[in-house]
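Each chain, written out:
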Amino acid sequence: MFTLVHDDGYLLSTDSRRLDLDRVHRWLSTDAYWALGRDRETVGRAFAGSIAFGVYRPGDGRQVAVARAVTDGATFAWLCDVYVDPGERGHGLGTWLAGAARDHLTELGVRRILLTTLDAHGVYAKVGFAPVDPDHFMQLDQRGRPVTPDGAATMTAVGDALVAPTTRKELEGPAPLTVEA
């Protein structure tokens, strides 16, 4: 377990037992542009499969920020779901949280950490993150693909390949994208 105390008394911890996942779910599903509408079960599973970083206010110990790192613990990590409670913003907690996550992952031996952001480039630049070369960075994003109620994956032709959609039990969302040859 990784623990760090900020100069003004805020506590950062990777102790997942301290996380207020109901609060985290509320933040992410109602206020974080990248996770709007994310259900509670998905938030729980996501944090269970990640290194979770919680930041707690001095005095009452209330959780005021969160982040998680999806990692193999050896070579690579994806820093995501970085969120600071609106009432606690403006005190450098986001930068401190990102830097602490970077440091902890580095101690594990991780040498490449990726993240995405639409509006917080300055926060991450302060702790060493830089833009990625778009000619090399690729993704497969299937968040908008519906699946069957039982979660079964159906193979779809994409070019010469067969691709299995996500297996989450979600029916809402836009129709699947089609690729024309």
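Reading the values: the criteria
- Residues numbered from 1 in each chain as written.
- Predicted model: local features only at pLDDT ≥ 70, side-chain atom pairs only at ≥ 80, totals over all residues.
- Heavy atoms only, no water.
- Helix = DSSP H or I, 4+ residues; strand = E, 2+ residues; numbered from the N terminus.
- Buried < 20%, exposed > 50% of the residue type's maximum accessible area, 1.4 Å probe, protein only.
- Contact = heavy atoms within 4.5 Å.
- Areas by Shrake-Rupley, 256 points an atom, 1.4 Å probe, with all protein chains shown as cover.
- Core = buried A, V, L, I, M, F, W, Y, C linked by side-chain atoms within 4.5 Å.
- Pairing = 2+ DSSP bridges.
- 1 Å grid on protein atoms, 1.4 Å probe; cavity = no way out; pocket = protein on both sides within 12 Å on 5 of 7 lines; lining within 4 Å.
- Points joined across faces, edges and corners; volume = space filled by probe spheres on them.
- Nonpolar A, V, L, I, M, F, W, Y, C, P; charged D, E, K, R; others polar.
- Phe/Tyr/Trp six-rings, centres within 6.5 Å; stacked < 30°, edge-to-face > 60°.
- Lys NZ or Arg CZ within 6 Å of the ring centre and 35° of its normal.
- Axes fitted to C-alpha atoms, helices over the stretch in contact; angles between N-to-C directions.
- Parallel < 35°, antiparallel > 145°, perpendicular 65-115°, else oblique.
- Left-handed = near helix turned anticlockwise from the far one by under 90°.
- Salt bridge = Lys/Arg side-chain N within 4 Å of Asp/Glu carboxyl O.

Visitor: Would you mind showing me how to read the overall build of the protein chain here?
Guide: Within the protein chain, the regular secondary structure consists of four helices and eight strands. Written out in order from the N terminus, the α and β elements of the protein chain read β-β-α-α-β-β-β-α-β-α-β-β. The 181 residues of the protein chain split such that 40% are buried. Here the contacts in the protein chain between residues at least 6 apart in sequence split such that 51% fall between residues at least 24 apart. In the form shown here, the protein chain has an accessible surface area of approximately 10900 Å², with 54% of it arising from carbon and sulfur atoms.

Visitor: Help me out: how do you make sense of the nonpolar core in this one?
Guide: Across soluble globular proteins, you tend to see nonpolar side chains buried next to one another. Among the nonpolar cores identified, the biggest contains 28 residues, and Leu 12, Phe 53, Val 55, Leu 79 and Leu 97 are the most heavily contacted of them. Of all elements in the fold, only strand 3 (51-56), strand 4 (63-71), strand 5 (76-84) and helix 3 (93-108) reach the threshold of two or more residues within this core. Ranked by residues supplied to this core, first place goes to helix 3 with seven residues. Sequence-distant contacts of Leu 12, that is, excluding residues within four places in its chain, are made with Phe 2, Thr 3, Leu 4, Phe 53, Gly 54, Val 55, Trp 96, Leu 97 and Ala 100. In terms of nonpolar packing, the next biggest core, distinct from the first, is built from 13 residues, Val 24, Val 43, Tyr 56 and Val 66 among them.

Visitor: Looking at this structure, how should I read the pairing of strand 3?
Guide: The side chains of a regular strand alternate, residue by residue, between the two faces of the sheet. In terms of burial, strand 3 is a largely internal element, six of the six residues being buried. Of the pairings in the sheet, the one linking strand 2 (residues 11-13) to strand 3 comprises three bridges and is antiparallel in character. Bridge pairing in strand 3 places Ser 13 opposite Gly 54. In this structure, strand 3 lies alongside strand 4, joined through six bridges in antiparallel fashion. Bridge pairing links Gly 54 to Val 66 in strand 4.

Visitor: Where do I start with the environment of Cys 80 in this structure?
Guide: Turning to its location among the elements, Cys 80 is positioned in strand 5. Residues Cys 80 and Ser 50 lie 30 residues apart in sequence; the distance between their C-alpha atoms is 9.8 Å. Setting aside residues no more than four positions away along its own chain, Cys 80 makes contact with Ala 67, Arg 68 and Val 70.

Visitor: Hey, could you run me through the layout of surface pockets in this one?
Guide: Space left empty within the atom packing is revealed by a probe, the size of a water molecule, rolled over the atoms. Counted as a void, the second largest pocket has a volume near 440 Å³. Lining the second largest pocket are 18 residues; nearest its centre among them are Leu 115, Phe 129, Ala 130, Pro 131 and Val 132. Tallied by class, residues from the lining of the second largest pocket come to eleven nonpolar, four polar and three charged.

Visitor: Can you walk me through the packing of aromatic side chains in this structure?
Guide: Each aromatic ring pair is specified by the distance between its two centres and by the angle formed by the two planes. Applying the stated criterion across every chain yields a total of three aromatic pairs. Seen from their ring centres, Tyr 124 and Phe 129 are 6.0 Å apart, and the 75° between their planes marks the pair as edge-to-face. Sitting above the plane of the Tyr 56 ring, Arg 18 keeps its charged end 4.2 Å from the centroid. In this structure, Arg 68 packs its charged tip against the face of Phe 47, placed 5.7 Å from the ring centre.

Visitor: Would you mind showing me how to read the packing of helix 1 (residues 21-31) against helix 2 (residues 40-48) here?
Guide: Relative placement of two packed helices is described by the angle separating their axes and the distance separating the axes. Contact geometry of helix 1 with helix 2 gives a least axis separation of 10 Å together with a crossing angle of 115°. What the angle tells us is that helix 1 and helix 2 run roughly perpendicular. The crossing of helix 1 and helix 2 is right-handed. Side by side, helix 1 and helix 2 meet where Leu 21, Asp 22, Val 24, His 25 and Leu 28 of the first sit next to Arg 40, Val 43, Gly 44 and Phe 47 of the second. The residue makeup of the contact of helix 1 with helix 2, split by class, is five nonpolar, two polar and two charged.

Visitor: Got a minute to help me understand the pattern of salt bridges in this structure?
Guide: Think of it this way: side chains of opposite charge can pair up when their charged atoms draw near. Taken as a whole and assessed by the stated rule, the structure comprises eleven salt bridges. Here Asp 15 and Arg 17 are joined by a salt bridge, their closest N and O atoms 3.0 Å apart. In this structure, Arg 89 and Asp 31 form a salt bridge, with 3.7 Å as the shortest nitrogen-oxygen distance. With a gap of 58 residues between them, Arg 89 in the loop between strand 5 and helix 3 and Asp 31 in helix 1 connect regions that are remote in the sequence. Residues participating in the shared-partner salt-bridge network are Arg 38, Arg 68 and Asp 81.

These figures capture arrangement, not role.
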